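Residue-level structure breakdown
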Amino acid sequence: MIAYLKGRLVFKDPTYVIIDINGVGYHVKISLQTYSKIKDEEQIMLLTFLHIKEDAHTLYGFKEEAEKKLFLNLISISGVGPNTGLMILSSLSSEELESAIIQEDFKTIQNVKGVGAKTAQRIVLELKDKVKKDAILDSSTSHTGFMTQNNKIKEEALQALITLGFPKATAEKNIVTILKKIGSEISLEDLIKASLKST
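Please read these numbers as outputs of a predicted model, since none were measured by experiment. (Residues numbered from 1 in each chain as written. Predicted model: local features only at pLDDT ≥ 70, side-chain atom pairs only at ≥ 80, totals over all residues. Heavy atoms only, no water.)

1. A few points about the packing of helix 2 (residues 65-75) against helix 4 (residues 94-102)
Note the following rule: Axis definition: a line fit to C-alpha positions, over the contact stretch in the case of helices; interaxial angles, taken between N-to-C directions, run 0 to 180 degrees. Under the DSSP-based scheme used, a helix requires at least four consecutive residues in state H or I and a strand at least two consecutive residues in state E, with every element numbered from the N terminus. Note on angle classes: values under 35 degrees are labelled roughly parallel, values over 145 roughly antiparallel, values of 65 to 115 roughly perpendicular, and the remainder oblique. Two helices that cross are described as forming a left-handed crossing if the nearer one is turned anticlockwise from the farther one by less than a right angle, and a right-handed crossing if clockwise. In what follows, a contact means two residues having at least one pair of non-hydrogen atoms within 4.5 Å. Nonpolar residues are Ala, Val, Leu, Ile, Met, Phe, Trp, Tyr, Cys and Pro. Charged residues are Asp, Glu, Lys and Arg, and all others, Gly as well, are polar.
Helix 4 packs onto helix 2 with a crossing angle of 45° between their chain directions and a minimal axis gap of 10 Å. The angle between the axes of helix 2 and helix 4 places the two elements in the oblique class. Helix-helix and strand crossings are classified by hand; for helix 2 and helix 4 the assignment is left-handed. Packed against helix 2, whose contacting residues are Glu67, Leu70 and Leu74, the element helix 4 presents Ser94, Leu97 and Glu98 at the interface. Residue classes in the contact of helix 2 with helix 4 are distributed as 3 nonpolar, 1 polar and 2 charged.

What follows is the structure, encoded as structure tokens:
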């Protein structure tokens, strides 16, 4: 098992990064949460989880231990695979997810694309005690600052939503709606988050 990767950040996208370690480029899937916490640092360390299937070996990376723990808890639930786990952690911050689980707020979890009523209920029922026990008090959130390059932001948000499984037309419609509502002064991760919630 690969516990973490430490190396040079070669490429950063809202859905994955490429880390160069001694000349080998590792493709690591990340959540929007982790993306927002990775500054433009040259050297990076991510905690990782290696998911092995017959046809693929996929690395998932996390900037913080709390997020990795939540991810592992989520994928231990029947019906929640790694991609759904990542989608949940991209739509909700660790704090929002923990709060929803503790308060038995099924609706918030159900608002995430690909999560049905039964799965949301299972997440709450199976993780409530674990999350209460682990309750993480650190509620600091991080933003990478506002970007004013509207087109660049739209382009990157669209690419991220398509990567997450949205049809291009739906993704474009969501982005336009949100930009009309909020205006162009929005960070990339906030735009993607709002788009994920507006479906």
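2. What about helix 3 (residues 82-91)?
Since there are 3.6 residues in each turn of an α-helix, residues three or four apart along the chain are aligned in direction. As a reminder of what qualifies: Here the term buried applies to any residue with accessible area under 20% of the maximum for its type, exposed to any over 50%, and partly exposed to those in between, with areas from a 1.4 Å probe on protein chains only.
Of all 10 residues in helix 3, 8 are buried, a share of seventy percent or more. If you check which residues of helix 3 are buried, you get Pro82, Gly85, Leu86, Met87, Ile88, Leu89, Ser90 and Ser91.

3. Comments concerning unusual backbone geometry
Phi is positive for Asn22, close to 50°, though the residue is something other than glycine. With a relative accessible area of 78%, Asn22 lands in the exposed category. Backbone geometry places Glu104, a non-glycine residue, at a positive phi of 55°. You can see Glu104 is positioned in the loop between helix 4 and helix 5 (106-110).

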